[in-house]
Amino acid sequence: MTRRENLNVLLSLAGAPAPARKTRNVIIFMADGLRWQEVFGGVDAALMSKESGVEDLPALKKRFQRETGAASREALLPFLWTVVAKQGQIYGNRHLGSEAQVTNGFNFSYPGYNETLCGFGDPRIDSNGKNPNPNVNVLEFLNSRAAYQGQAAAFGAWGLFPYILNASRSGLMVNAGFEPLLRPPVTERIQLLNRLKGETAIWEEEALDAPVFRTALEYFVLHRPRVFFVSLGETDEWAHAGRYDLYLKTAHLFDKFAREMWEAAQSLPTHQGTTAMILATDHGRGADAAGWRSHGQKLPDSKDVWMAFLGPDTRALGERANTRPVTQAQIAATVAALLGEDFTVAQPKAAGPIADVLG
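Residues numbered from 1 in each chain as written. Predicted model: local features only at pLDDT ≥ 70, side-chain atom pairs only at ≥ 80, totals over all residues. Heavy atoms only, no water.

Peer 1: I'm lost on the overall build of the chain in this one. Help?
Peer 2: Regarding its fold elements, the chain presents 14 helices and 10 strands. For 359 residues, the compact-globule estimate of 2.2 N^0.38 gives 21 Å, and the chain sits close to it at 20 Å. The burial tally for the chain puts 55% of its 359 residues in the buried class. Pairs at least 24 apart in sequence give 72% of the contacts found in the chain among residues at least 6 apart. (Helix = DSSP H or I, 4+ residues; strand = E, 2+ residues; numbered from the N terminus. Rg over C-alpha atoms; globule rule 2.2 N^0.38 Å. Buried < 20%, exposed > 50% of the residue type's maximum accessible area, 1.4 Å probe, protein only. Contact = heavy atoms within 4.5 Å.)

If you want it as structure tokens, here you go:
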């Protein structure tokens, strides 16, 4: 041990204050129902078939399939693997002894987003119904702190986020589903995006990812929130529809949008070098050709998820192996701790943060 390392140990034992954190802003960027199997292994060869909804198999293979899983996953999710995994940390590759799981027991969306943002699985949250969430979430908690007041915002493709985040109680700026963004300034670009969300509708409660992301990015650049949440949903919708080709294409698009969001943050003087980014999913899916389309209690493999972290206070430990299990419930406290805050002040039931992510 060097003299400096020895001094650091002695200071730690003496209760000396930890160095100030560099993180001043956090982006939470989620893909609904994106399996860990594709995140860590790339294209699942067992699903590359007409039976799994693939319409142009040669084109899909050429675009995403490679000789190794490592090359395939990088072709599918290049930002995740060339930037996030190299400069930050990624959890959930069960083949390497890295477990990441939901704890809510339901393995579907509303319970998953509640667990992610409120820090614990709540048995009362047992449906995807339009019920206001009784639990305080981490965005709401941070928005109540003087340093972040009015600086937290959420965008989601799914129309239930005003209920999940209890916008009427929390006072958060939540834009979800087909709802137009009306917070000034409503620029010509935002007006066009407001129209596109409705005019490109396929599903009743879920807007397409592209107009949702573009609206979120416009808001981010205009208002520069310090705590920003974005959830995109097409990966889940196309999987339920049994279209593995479109599931892969929208996973690739999610990765592209994550890169754009990260680069936008690094282009702003308020966020450059001081922003952490968390990428995650709300639940897993079935593990085989029969179950990949769905998730829930009847598919226990859908409890398995993944999560990744990038930022100035997170050491570059890469793809984690042989680690202690992490849970979805730890994300909320990790968000707060990166900003020097203790989420358990507002939510005593919340799981603790992931220590390695905090450096």
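Peer 1: In this structure, what is going on with the nonpolar core? I would like to understand it.
Peer 2: Within soluble globular proteins, side chains that are nonpolar tend to cluster in buried spots. One finds Phe-29, Val-39, Phe-228, Leu-248, Met-261 and Met-277 to be the most contacted residues of the largest nonpolar core, which totals 61 residues. With 12 residues, the single largest contributor to this core is helix H13 (residues 244-267). Residues in contact with Val-39, not counting those within four places in the same chain, are Leu-34, Arg-73, Leu-77, Leu-80, Trp-81, Ile-90 and Trp-306. Leu-117, Val-326, Ala-337 and Ile-354 belong to the second largest nonpolar core, which has 46 residues in total. (Core = buried A, V, L, I, M, F, W, Y, C linked by side-chain atoms within 4.5 Å.)

Peer 1: Whenever I open this one, the sheet that holds strand E8 (residues 307-310) confuses me. Can you help?
Peer 2: Think of a sheet as strands paired side by side through backbone hydrogen bonds, with each pair either parallel or antiparallel. Spatially, 8 strands are ordered E5-E4-E6-E1-E7-E8-E2-E9 in an open sheet, and the strand pairing comes out mixed. Looking along the sheet, the strands with just one partner apiece sit at the ends: strand E5 (173-176) and strand E9 (318-319). Here strand E4 (residues 152-156) runs beside E5; their pairing, made up of 4 bridges, is parallel. In the sheet register, Phe-155 faces E5, and the bridge partner there is Asn-175. Against the sheet, helix H5 (residues 78-87) makes contact with strand E2 (89-91), strand E7 (275-280), E8 and E9, and its axis sits at roughly 65° relative to E8, the strand it touches most. Against the sheet, H13 touches strand E1 (25-31), strand E6 (227-232), E7 and E8, its axis set at about 170° to E7. (Pairing = 2+ DSSP bridges. Axes fitted to C-alpha atoms, helices over the stretch in contact; angles between N-to-C directions.)

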